[in-house]
Structure formats: structure tokens, C-alpha cells
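# A structural walkthrough
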Number of protein chains: 2
Amino acid sequence: MSEYTSLDSLGEFGLIRRLQEHVELQNPSTVLGIGDDAAIIEPGQKQMVVTTDMLIENVHFDLTFCPLKHLGYKAVAVNVSDIAAMNAIPTQIVVSLAISARYTVEAMEELYEGMRLACENYKVDLVGGDTTSSRSGLVISVTALGEVEKGKAVLRSTAQVNDLICVTGDLGGAYLGLQLLEREKQAFLADPETQPELEGKDYVVGRQLRPEARMDVIHELKELGVHPTSMIDISDGLGSELLHICSQSRVGAAVFQDKLPVDQQTLDTAEEFKIDPVTCIMNGGEDYELLFTAKLSDYDKLKNHPDITIIGKITDAAEGVNLVTPSGNAHAIKAQGWNHFA
Amino acid sequence: MSEYTSLDSLGEFGLIRRLQEHVELQNPSTVLGIGDDAAIIEPGQKQMVVTTDMLIENVHFDLTFCPLKHLGYKAVAVNVSDIAAMNAIPTQIVVSLAISARYTVEAMEELYEGMRLACENYKVDLVGGDTTSSRSGLVISVTALGEVEKGKAVLRSTAQVNDLICVTGDLGGAYLGLQLLEREKQAFLADPETQPELEGKDYVVGRQLRPEARMDVIHELKELGVHPTSMIDISDGLGSELLHICSQSRVGAAVFQDKLPVDQQTLDTAEEFKIDPVTCIMNGGEDYELLFTAKLSDYDKLKNHPDITIIGKITDAAEGVNLVTPSGNAHAIKAQGWNHFA
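As annotated in an unreviewed UniProt entry, chain A carries the name Thiamine-monophosphate kinase and comes from Nibribacter ruber. Per UniProt, chain A carries the Pathway (unreviewed entry) text "Cofactor biosynthesis; thiamine diphosphate biosynthesis; thiamine diphosphate from thiamine phosphate: step 1/1." Taken verbatim from the UniProt record of chain A, the Catalytic activity (unreviewed entry) comment is "thiamine phosphate + ATP = thiamine diphosphate + ADP".

### A word on the relation of the copies chain A and chain B
The transform that puts chain A on chain B rotates by 180° and translates by 0.0 Å along the axis, for an RMSD of 0.0 Å. Considering both components of the superposition, the chain copies are consistent with a two-fold axis. In this assembly the copies share their binding face: 100% of the residues contributing to the interface of chain A also contribute to that of chain B.

### Considering the domain arrangement of chain A
Interfaces are often sized by the amount of accessible area the parts lose when they come together. All names here are of chain A. Splitting chain A by domain gives domain 1 (7–148) and domain 2 (164–332). Distance between the C-alpha centres of domain 1 and domain 2: 26 Å. If you look at the interface, domain 1 gives 21 residues, while domain 2 gives 20 residues. Summing the contributions of domain 1 and of domain 2, the shared interface buries around 1900 Å²; its carbon and sulfur component is 63%. Of all residues in domain 1, Phe-65, Lys-74 and Asn-87 give up the largest surface area on contact with domain 2, accounting jointly for 31% of the area buried on that side. Inspection of the domain 1/domain 2 interface yields two salt bridges.

### Points about the pattern of salt bridges
All names here are of chain B. According to the stated counting rule, one finds 40 salt bridges over all chains in the structure shown. Of the charged contacts in the structure, one is a salt bridge between Lys-201 and Glu-272, with a shortest N-O distance of 2.8 Å. On the criterion of sequence distance, the pair formed by Lys-201 in the loop between helix 4 (173–190) and helix 5 (202–209) and Glu-272 in helix 8 (residues 264–272) is long-range, its members being 71 residues apart. The buried category is assigned to Lys-201, whose relative accessible area is 10%. Under the relative-accessibility criterion, Glu-272 is labelled partly exposed at 39%.

### Quick notes on the sheet that holds strand 3 (residues 47–56) of chain A
Spatially, the six strands line up as an open sheet ordered 5(A)-4(A)-6(A)-3(A)-2(B)-1(B), and their pairing is mixed. The outermost strands of the open sheet, each flanked by one partner alone, are strand 5 (125–133) of chain A together with strand 1 (30–32) of chain B. Each neighbouring strand pair of the sheet contributes to a mean axis angle of 25°, computed without reference to strand direction. Across three bridges, the pairing between strand 3 of chain A and strand 2 (residues 39–41) of chain B is antiparallel. What sits directly across from Met48(A), in strand 2 of chain B, is Ile41(B).

### Considerations on the sheet that holds strand 10 (residues 290–294) of chain B
Within a sheet, adjacent strands bond to each other through the backbone by hydrogen bonds, running parallel or antiparallel. All names here are of chain B. Pairing within the open sheet is mixed, and its seven strands lie in the order 8-10-7-11-9-12-13. Strands with a single pairing partner mark the edges of an open sheet, and in this sheet they are strand 8 (230–233) and strand 13 (330–332). Sheet twist, expressed as the average angle between the axes of neighbouring strands with direction ignored, equals 25°. Pairing of strand 7 (residues 164–168) with strand 11 (residues 308–315) involves five bridges; the strand directions are antiparallel. Along strand 11, the bridge assignment pairs Leu-164 with Lys-313.

Reading the values: the criteria
- Residues numbered from 1 in each chain as written.
- Chains lettered and ligands numbered in written order.
- Predicted model: local features only at pLDDT ≥ 70, side-chain atom pairs only at ≥ 80, totals over all residues.
- Heavy atoms only, no water.
- UniProt positions renumbered as here; feature names shortened; annotations may be inferred.
- Least-squares fit on C-alpha atoms with pLDDT ≥ 70 in both.
- Contact = heavy atoms within 4.5 Å.
- Domains from an automatic or database assignment.
- Buried area = accessible area lost by both parts, 1.4 Å probe.
- Salt bridge = Lys/Arg side-chain N within 4 Å of Asp/Glu carboxyl O.
- Helix = DSSP H or I, 4+ residues; strand = E, 2+ residues; numbered from the N terminus.
- Buried < 20%, exposed > 50% of the residue type's maximum accessible area, 1.4 Å probe, protein only.
- Pairing = 2+ DSSP bridges.
- Axes fitted to C-alpha atoms, helices over the stretch in contact; angles between N-to-C directions.

Below, the structure written as C-alpha cells:
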């Protein structure tokens, strides 16, 4: 045990000093980072966006199969994904951690290393936070700030009839990655000698453990000259997010089942688990892709983009929000949003 | 039980809708509040400050004696206190809640009502958040944003030798309020028929349960034309905060014990508990008053202010950070900051 450092040997201020050692600031808008009562930010002529997401042990993550470094990365990425969904550029985060005594200083450094990597990738400055103890599991609360030119933020409430409905990347993988990891955990608990059967499953497992925010697409859309008419990130599943856009924009939608982007490994894994891949796509969640709408006149700019798939169109509210099967049947999409309290 | 609403009957989105019903926006810088991936803020020519604080059940609060409405108020006030300590004006907050299934919707509305009251008092807009479930207790994470004119933020690192050391209000009360509440809790657990003995203790109990951020003093200092040379809010006790200012400013300090502001009820309660009131003031914490330094030339503006007490002066770093007793003995002030992990 001597190679690990207990949290109480450092204390709160010692831990904060240790964790902030590797924090480097990258944004000109960051005037003052960690170390005072608050950080100082100067966005210039731009608007700022702010979002927050909390991750709770055994609700949002299971440390028996989620490495702390990946968890740190994910905690930042899911917040950056919300900033991306506003068409903004992430600039700063603050991080609050509640830590139970069973963690070591080295474990928290692993977590911070993952956050640091994400900050580097997304060019975000970690500018402050709070570190406290928890009686039970680990709690990670991240608040992210971003900048956007005035008038360029993209809301959920501004989709128009006849707009194209688009998604980035492919969907359903993160959910099946979780099913795989849960299966291997059960197998391990039943027989600790068992070897995990995750060969050839890197993609879906990676989708679950280390999702990326689609900042790349935000930059590409700007280069293409496409300004989305509405946008949301896919954290709860395509169905739930589409319903948010449609209800807030007071429109309907038709999404074509045979257009839904899905990876072959996702399809194979769905078959293995005897789950309909459409269910994984519509209700699985945690893919952190972007769902957006765009003007019909942007069709040519979007149709061959390797990271974007046009999956349907916005309709009158009266037509409802429907999934259209290859045979032409329309099924109403229902809110399957995760009820955390059920 | 029929008058209470279970969380799972509303679900996450239902709970969010219910809680946000009473949220009203007050700041012109708030362009978009709750309801999208992120809120939008437009601070104009000003700098923004950002801070975050997390409150954990049974670490920072005990619901057997802390009413949820007070808790909600306090969760906002402690963040506003950090904004005040930067000499900034609070403008927006985002709130993340992790809630265990044993809470009802009505309980969360109580909590939100307290937050709403604090938002009203401090003129802060609640612009977003995250609501999730917890396996154990309640977790409240608040991030606050504020505005400050460029160059007017007051840091911890800018105190100068010969500056006056000042505190607002009086100190030690919140700690003794906690001792009283803990004593009554133990008495209640031993004999549930017992009546709480809190008569005549309103002040110290109130200091613990419903602290106020000293925004009033921030506005008054501006009117007086006093610009603090350094500032911090007192969350961990005067001693710990003074050490932060002195180490970050590379200076020493002499604080005079007989100048420390303390309320009579605090003194009486300290005597009842046989605790040295100086210990409560120096190490008690949670008073959420402001500790600041000011130029010697501001002495006349500060000396008779009813909410401000001059308690000492900044010295050379070589002289150390000392508490000077009435008999003239200097005792080095030690870091007694709360070690959450011990």
C-alpha cells in the first residue's frame, strides 16, 4: 500500500495544489484561472454559453469497468458536447469533485489526467472548482463555458417546416458498449478467473467509455457555410432529442428508418444481444452525436459529407413526430427519456 | 402519503418543468435561460467571474435540522459570497442536483423555493442545470457567474505591506450555531419527546442555517470610494483565509485579538459550550463574511462603518502571520483549514 497516498495525508488544499499542477491555460479570454474565490473571464464582444452536467458513481458510471482516466475525459466531453450543440466554442470549465475516503490521491490524479487530456483536445481551460468529501461514491460536476458570436447560437426551438434533419456520426454504439461491459462484469463476478470477451468490440466499448464531443463538425459546418436552424446533442437517444426539438419548435418530423446511420459492429452486437438496433439508436443514448436541422437549400453541401447523414425532414406539427419504416409505415416516436427516478 | 408526489411519477423532464416554473430572469446579460443545451449570456464590455461550490448531504448539511428552503438559500448564498469576494456583481447561476428516491417532488420544490428567494435577493438568474438521481444522499452543485468592470476584480494575491486588514459583520456565530443544532439533534435522538432548547439562540442558529453573502458591503465600499487591495470570503475560518491572502500576496499580518468582532450571543454560547470564542472566530468557518485589505489612506472612510471592523495590518512576510493578544504577545496563526478527508 505504501506506493499510494491517502487523501487525508494531503488534505483539501494539498490535493488541489497537486491536481492543478498540470493545468495550463490556452484561451485568451481566460484572465485568471484556479486559485482565487472565482476565475475571471473576458469574452470580448462575444456571447457566452454555460452548461453543467453531473456524473454520479453507480448511476452514470461503474468503476469496475470504467477507467478513471476515461471517466475524467468523458466528464469534460459531455459538457463540451452541450456547448457544441449551441454552435459555440468551449473555452473554460470548472470542476467540482466529491470524493469518498476509499480513493487515493493517485486515483484522483488519473481522473484529472483524463480531464486534462480532454481540455487539451477541446482547447478548454480548467479555471476552478471545489473539492470535498463524499460519504459514499464519487460525484463529478462539471460546468462548461463557451463563446459564440452574437446571433450565431443555435437553439432547439428554431426548426422550420421542410428543414432537413441531420445527425453526425453513427448511433446506438454507446448503448451496446454498455450492454457488453455489463455482461462482462456479471461474468467476472460469477467467476473472477474468466477472461473478458471484448475482442473485436473496441468500437462500441470505446463509444461508451470515451465519447467525443463533435466540435469537429461544428468547425466543418462553419467552413461549409451551413448554419443549422436548430441543434441538440444526443445524450438520451435520438427519439427523445428529436421530440425536444419538435416540441420546442412546434413542428413535426418524419425520420426514415433506413437512413439511420449505424456501424457494422453496432449491428453485430445488437444481433448478439437480440436487441433491435433501431431501439438502440432511438432510445439508447450516450452517443453524444449532434442532431440538427438545416435549410433544404443546404442539401447539396450536406448530402455527401462523411460525418453527416440526412435522416428525414421537419413537417407540420399536425403530422406528429414519426419514424417511417422501409415499407412506408409511420410509427409515432414516443418519449423514452431515461427516468432516473423510476 | 397521497399529498406527496413521488419523483418517478414526474420523471426527470417533468421535475425540471415543475421546478423551473417560478424562475424569472432579471439580468439584461441573460439572453437565454433554462431549456436548451446551454444558457446564453452577453456581458457586454465587462469581465465575467465564475465559481462553483458543492454541498453534500451529511458532509455539509444535515437534513434532520436544516430545512430544505434554508439549504437552497445557502447553496446560492455561498456561491454569491465567492462572487462578492472578487468585487463582482452576481448575474447567473446553474444548479445541478442529485436526488435520492426518498425525496418527494414537494421536497425539491422547497429546496428550489429557497434558491429562488436567494436569486431574488441577490438579483441572480437561474439559467440552467442538471437533475439526476443519487444512490444515497442529496448533492447540490451550484456554479455562479458574475460581472465586474475590467481591472476592478479584487484578488487574494495583491495585499501590500501596511494595508489595513478588515472584516465585515461578526465572526464565530455560524460555528456555534452548528454546535447548538448538533446538541439538540443528539438530545432528540436520545429522547424524541424532548423539546429543542434554542430559545434566545436565533442569531447564531440563523448564522449557520441561512448565511448571507455580503453583497451589501460590496456596494457600500463602492459608494465610499474604497477599493480593497485584496479580498476573500470567510468560509473556513478567519485564520485559514488570512493565511491564503498572506501566502498568495507574500506578506505577513498582525491581527489584534481584542479587535475581533463578535456578537454577544456568540460569546454567551461559547461560554455555554466551554469553547474559547477566539477559536470559533479563527477556525470555526461558515460565517461567509468578507476579509479584505485596504490602503492605510482609507482609514477614515472605514473606521466608523457599522458593518466593517479594522482588525489589524499587513506586515512584511518575515514577521509572519500573527494573532496579537491584549497583553501584546504574538501567536503564529496556523492553517486549521478543514480537512474533509481526515
